[in-house]
Amino acid sequence: MRRALKITSLFAAAGFVLTACSPAVPEAETKTLKVVYQKTDSFTALDTLFQAAKQEFEAANQGVTVALEPIQANDDDYGTKLALALRSPSTAPDVFYEDTFKVRSDVDAGYLLKLDSHLEGWKDWDTFDDGAKAAGLGDDGGTYAVPLGTDTRGIWYNKKVLTAAGVSVPWEPRTWQDILDTARKIKASDATVVPFNMYAGKATGEGTVMQSFYELLYGTGSELYDPDAKKWVVGSKGFTDSLTFLKTLYDEKLAVSPAEALDANVWKKVFGEWLPQGKMGATVEGSYTPSFWQKGGSYEWAEYGRDMGVTAFPTQNGQAPGGVSMSGGWTLAAGAETKNPDLAFEFLATALNQKNSLAFNIATSQIAVRKDVAADAGYQAANPFVKDVSELVAVTHYRPATADYPRISAAVQEATEAVITGSKSPEQAAADYDTAVKGIVGEAKTVAK
């Protein structure tokens, strides 16, 4: 769930002056680049980024028009609408916003332009973190997308709610049992408060797996995919244990109600109502969380730096490395069907230069992937939790970068929904997940462990 805030373009006035002073270009020589990206009421930072990049780019490229075409949709619906546009050369964009977990499947589908030859001449590429660069790789080792930023996940907790329940802060749970014990104390202290939120079900899409299930799974010592064997893991006790934890959380009414969990907009209540109003003890969420509450955010909350804390999600029994995080992120890519590949890459590079990247990373509370942005004093002082969430990189995991992953993720989401609604036991849901995986990738590409 990508959510951010409005930031004011510093470049608009200058851009209009420059374009107004540019000499007229014959109509036959004009070119248009179509740029597609996501925009919602609570996520306007990309629109601000691209408006600034459009002004810079058009001023430097006479006769070229950048047509910005935002898609008003949540993450899943955006992905669906983008996929439809990419299927036809007549509707495919020249540059677009691409989730990291879709890169390899879209490369396989032939939708993304290989960028290697362009990157060789782009001096800024050396400033990008090597780990972050891997997000844009295809199976052939080529680079097809450039990262905007990355993130981590942790437990965000309301200090006032925990203190009222007799829980000491700073809170640092060491095991899953510590989480349940604290949630039960909060419920006993105030029945009107949601003790501990973890997303579940298909409605919240990747939020369900990235901000919930994977923290559990990877904390058991199990994994979704064996990268050495290049096979998907089935028959995992850790998978069943993770579903059992979610069942306990929901059965004991320590989380939101199943009906609320199956609302795609439940996160709006988490950020906009329950945490600021002291009606929720804690939630598992991303490093971008402060972007909602800081000045200019969708749910401004002046006291968030004082009232909130963040800590690592613990491993199941406190085993090494002690904490678990998940990282993802989004990229910019160029369409394989673009008639102007050099211009498309130049626009992409403009959007991700140091100035624009800095503004975007601050606005969205992203973990910077450019070293010069990460070292910037303004970035480091952007919110009180930059250091804490950046340290979670040491215990983070990434989704399998395979073309099969999106369908596997959907199967995981289905398993969590079946458990929290009571339609299946954790054992039944895990067995059905195993069957689904074998149907998606073939039994030969699975391993029981």
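An unreviewed UniProt entry lists the chain under the name Extracellular solute-binding protein, with Pseudarthrobacter psychrotolerans as the source organism.

*Asks:* Provide a residue-level description of the overall build of the chain, including the pertinent values.
*Replies:* When helices and strands are counted, the chain shows 21 helices and 15 strands. In summary, the chain has a C-alpha radius of gyration of 22 Å against a globular reference of 22 Å for 449 residues, a match within 12%. Counting only C-alpha atoms and orienting by the principal axes, one finds that the chain spans roughly 70 × 55 × 35 Å. Looking at the chain as a whole, 56% of its 449 residues are labelled buried. In the chain, once contacts between residues fewer than 6 apart in sequence are set aside, the share between residues at least 24 apart is 77%. Carbon and sulfur atoms make up 51% of the accessible area of the chain, which amounts to about 18000 Å² in all. With 43 positive and 57 negative side-chain charges, the chain shows a separation of 3 Å between the mean positions of the two kinds.

*Asks:* Mind laying out the sheet that holds strand β3 (residues 95–99), listing which residues take part and the relevant values?
*Replies:* If you trace the 5 strands from one edge of the open sheet to the other, you get β2-β1-β3-β13-β4, paired in mixed fashion. The outermost strands of the open sheet, each flanked by one partner alone, are β2 (64–72) and β4 (145–149). Strand-to-strand twist in this sheet, taken as the mean axis angle between neighbours without regard to direction, amounts to 30°. Across 4 bridges, the pairing between β4 and strand β13 (residues 330–334) is antiparallel.

*Asks:* Report on the domain arrangement of the chain, specifying residues and quantitative values.
*Replies:* Size of an interface, as often reported, equals the accessible area lost when the parts are brought together. Structurally, the chain comprises domain 1 (31–151 + 328–398) and domain 2 (153–326 + 400–448). Spacing between the C-alpha centres of domain 1 and domain 2 amounts to 27 Å. Across the domain 1 to domain 2 interface the summed buried area is about 2400 Å²; carbon plus sulfur atoms make up 61%. Together, Phe101, Phe385 and His397 form the three largest contributors to the area buried by domain 1 at its contact with domain 2, with a combined 25%. Where domain 1 touches domain 2, the interface holds 1 salt bridge. The residue Arg153 makes a salt bridge to Asp151 at a minimum N-O spacing of 2.5 Å. The interface formed by domain 1 and domain 2 holds 8 residue pairs in polar contact (both at pLDDT 80 or more) in total. Those elements that provide at least two residues to the side of domain 1 that touches domain 2 are α4 (103–108), α16 (354–364), α19 (386–391) and β14 (396–398). Class assignment of the residues belonging to the side of domain 1 that touches domain 2 gives a composition of 11 nonpolar, 9 polar and 8 charged.

*Asks:* An account of the sheet that holds strand β15 (residues 446–448) is needed here, citing residue identities and associated values.
*Replies:* As summarised here, the arrangement of the 3 strands in space is β7-β8-β15, forming an open sheet in which the pairing is mixed. In this open sheet, the two edge strands, each paired with only one partner strand, are β7 (225–226) and β15. Sheet strands in contact with helix α21 (residues 426–441) are β8 (231–234) and β15, and its direction is about 165° off that of β8.

*Asks:* Pulling in residues and values, what's your account of unusual backbone geometry?
*Replies:* In this chain, Val169 is followed by Pro170 through a cis amide linkage whose omega measures 0°. Following the sequence through the fold, Pro170 ends up in the loop between α7 (159–164) and α8 (176–189). At Lys253, a residue that is not glycine, the phi angle is positive and equals roughly 55°. On the secondary structure map, Lys253 appears in the loop between α10 (237–251) and α11 (258–261). Among the residues examined, Lys253 registers a relative accessible area of 60% and is labelled exposed. Unusually for a residue other than glycine, Ser365 sits at a positive phi of about 55°. As for its placement among the helices and strands, Ser365 is situated in the loop between α16 and α17 (371–374).

*Asks:* Can you lay out the packing of helix α9 (residues 206–218) against α10 for me, pointing to particular residues and giving the numbers?
*Replies:* Remark: α9 packs on α10, axes separated minimally by 8 Å, with the N-to-C direction vectors making an angle of 130°. Taken together, the axis directions place α9 and α10 in an arrangement best described as oblique. The hand of the α9/α10 crossing is right-handed. Seen from α9, the contacting residues are Ser212, Phe213, Leu216 and Leu217; seen from α10, they are Gly238, Phe239, Ser242, Leu243, Phe245 and Leu246. Looking at side-chain class alone, the contact of α9 with α10 contains 7 nonpolar, 3 polar and no charged residues.

Definitions and limits used
Residues numbered from 1 in each chain as written. Predicted model: local features only at pLDDT ≥ 70, side-chain atom pairs only at ≥ 80, totals over all residues. Heavy atoms only, no water. Helix = DSSP H or I, 4+ residues; strand = E, 2+ residues; numbered from the N terminus. Rg over C-alpha atoms; globule rule 2.2 N^0.38 Å. Buried < 20%, exposed > 50% of the residue type's maximum accessible area, 1.4 Å probe, protein only. Contact = heavy atoms within 4.5 Å. Areas by Shrake-Rupley, 256 points an atom, 1.4 Å probe, with all protein chains shown as cover. Lys, Arg positive; Asp, Glu negative; His and termini not counted. Charge placed at Lys NZ, Arg CZ, Asp CG, Glu CD. Pairing = 2+ DSSP bridges. Axes fitted to C-alpha atoms, helices over the stretch in contact; angles between N-to-C directions. Domains from an automatic or database assignment. Buried area = accessible area lost by both parts, 1.4 Å probe. Salt bridge = Lys/Arg side-chain N within 4 Å of Asp/Glu carboxyl O. Polar contact = N/O pair within 3.5 Å; in protein donor to acceptor, adjacent residues only side chain to side chain. Nonpolar A, V, L, I, M, F, W, Y, C, P; charged D, E, K, R; others polar. Parallel < 35°, antiparallel > 145°, perpendicular 65-115°, else oblique. Left-handed = near helix turned anticlockwise from the far one by under 90°.

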